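Descriptive analysis of the structure
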Amino acid sequence: MLLHRSSRREAKGPYLEQERQIEIEREGKRQKEMVGSSGAAATERSKEAVGMMALHEALRSVCLTSSDWTYSVFWTIRPRPRVRGGNGCKVGDESGSLMLMWEDGFCRGRVAECMGDMEGEDLVRKAFSKMSIQLYNYGEGLMGKVASDKCHKWVFKEPTECEPNISNYWQSSFDALPQEWSDQFESGIQTIAVIQAGHGLLQLGSCKIIPEDLHFVLRM
């Protein structure tokens with residue numbers, strides 16, 4: 001009887017060894033998959049970082065290679081997130097609505113054309129900073145329609161009694177100006193251009209009156 005039990009345990013030995021080997025191989029495969037997954041994620045993050053650096057350099061170049069533009073901003077098109085209600089359920093539009101949100105921007109330092117005789121706070125940079133929290137509905141309003149219609153708008157500051165020579169390109173048939181643009185015009189910005197570019201919008205502001213340039217628009 002003892003011999004029978006011993007031989008049965010010996011018979012199981014090779015099978016147990018085989019099972020252990022299979023488990024070791026499975027664990028090795030899982031570790032390789034984890035390493036591959038983390039490597040792919042790292043590669044994706046690296047690509048995103050390179051893309052963001054390239055975008056910032058492009059926005060910077062628009063302002064620094066020409067003395068015309070004071071700031072440049074890129075608004076990207078993204079799905080509008082659905083928010084969670086009080087019971088934890090997601091509420092909101094399920095139709096796949098889109099929005100425009102700040103991706104990156106560049107603003108030159110204190111610009112003589114904007115400052116004039118003013119001293120102290122840089123109002124242009126302050127107005128520029130406020131833009132980063134803005135959101136626009138895709139297809140609605142000036143910004144949203146420029147994005148959806150794949151066109152451009154060139155807007156000048158409205159003339160005042162002190163500035164009779166500033167021509168206002170804006171017409172009443174167009175959508176109303178974004179309310180936050182008032183701060184920009186008050187800060188010294190004279191021209192704002194919005195151009196559909198890639199998967200979003202390029203917005204440019206200048207302390208000068210910059211004539212509409214279709215060749216410039218097409219290059220974007």
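Numbers given to residues run from 1 along each chain, matching the order in which its sequence is written. Residues qualify for local features only when their pLDDT is at least 70, as the model is predicted, and side-chain atom pairs are given and counted only at 80 or more; totals for whole chains, interfaces and linings, by contrast, use all residues. Where side-chain values are given, they derive from all heavy atoms of the structure, hydrogens and water being excluded.

Per an unreviewed UniProt entry, the chain goes by Transcription factor MYC/MYB N-terminal domain-containing protein and derives from Cuscuta epithymum.

In this text, buried Ala, Val, Leu, Ile, Met, Phe, Trp, Tyr and Cys residues form a nonpolar core when linked through side-chain atoms within 4.5 Å. Accessibility here uses a 1.4 Å probe with only protein chains present; expressed as a share of the type maximum, an area under 20% marks a residue as buried, one over 50% as exposed, and anything in between as partly exposed. By size, the foremost hydrophobic cluster in this structure holds 23 residues, and its most contacted members are Tyr 71, Trp 75, Leu 100, Met 143, Trp 181, Val 194 and Leu 201. In this analysis, two residues are considered to be in contact whenever any of their non-hydrogen atoms come within 4.5 Å of each other. The residues contacting Trp 181, other than those within four sequence positions of it, are Tyr 136, Leu 142, Met 143, Val 155, Ile 192, Val 194 and Gln 203. Counting residues in hydrophobic clusters, the runner-up holds 16 residues, among them Cys 63, Phe 106, Leu 202 and Val 217.

As summarised here, the arrangement of the six strands in space is S5-S4-S1-S8-S7-S6, forming an open sheet in which the pairing is antiparallel. Each of the sheet's edge strands pairs with one partner strand only, and the pair in question is strand S5 (135-137) and strand S6 (152-156). Pairwise comparison of adjacent strand axes, ignoring direction, gives a mean angle of 20 degrees for this sheet. Axis definition: a line fit to C-alpha positions, over the contact stretch in the case of helices; interaxial angles, taken between N-to-C directions, run 0 to 180 degrees. Every helix listed is a DSSP run of H or I at least four residues long, and every strand listed is a run of E at least two residues long, numbered separately from the N terminus. Relative to the sheet, helix H3 (residues 123-130) contacts strand S1 (71-79) and strand S4 (98-107), its axis offset from that of S4 by approximately 150 degrees. Note on pairing: DSSP must find at least two bridges between two strands before they are called paired.

The next subject is the packing of aromatic side chains. A pair of aromatic rings is counted whenever rings of Phe, Tyr or Trp (Trp by its six-membered ring) have centres within 6.5 Å, and the orientation is called stacked for planes under 30 degrees apart, edge-to-face for over 60 and tilted otherwise. The final tally for this structure, using the stated rule, is six aromatic pairs. An angle of 65 degrees between the planes, with centres 5.8 Å apart, marks the rings of Trp 69 and Trp 154 as edge-to-face. With Trp 69 in the loop between helix H1 (2-64) and S1 and Trp 154 in strand S6, the pair connects residues that are 85 residues apart, well separated along the chain. An aromatic cluster is defined as three or more aromatic residues linked by ring pairs; in this entry it consists of Tyr 71, Trp 75, Trp 102, Phe 128 and Tyr 136.

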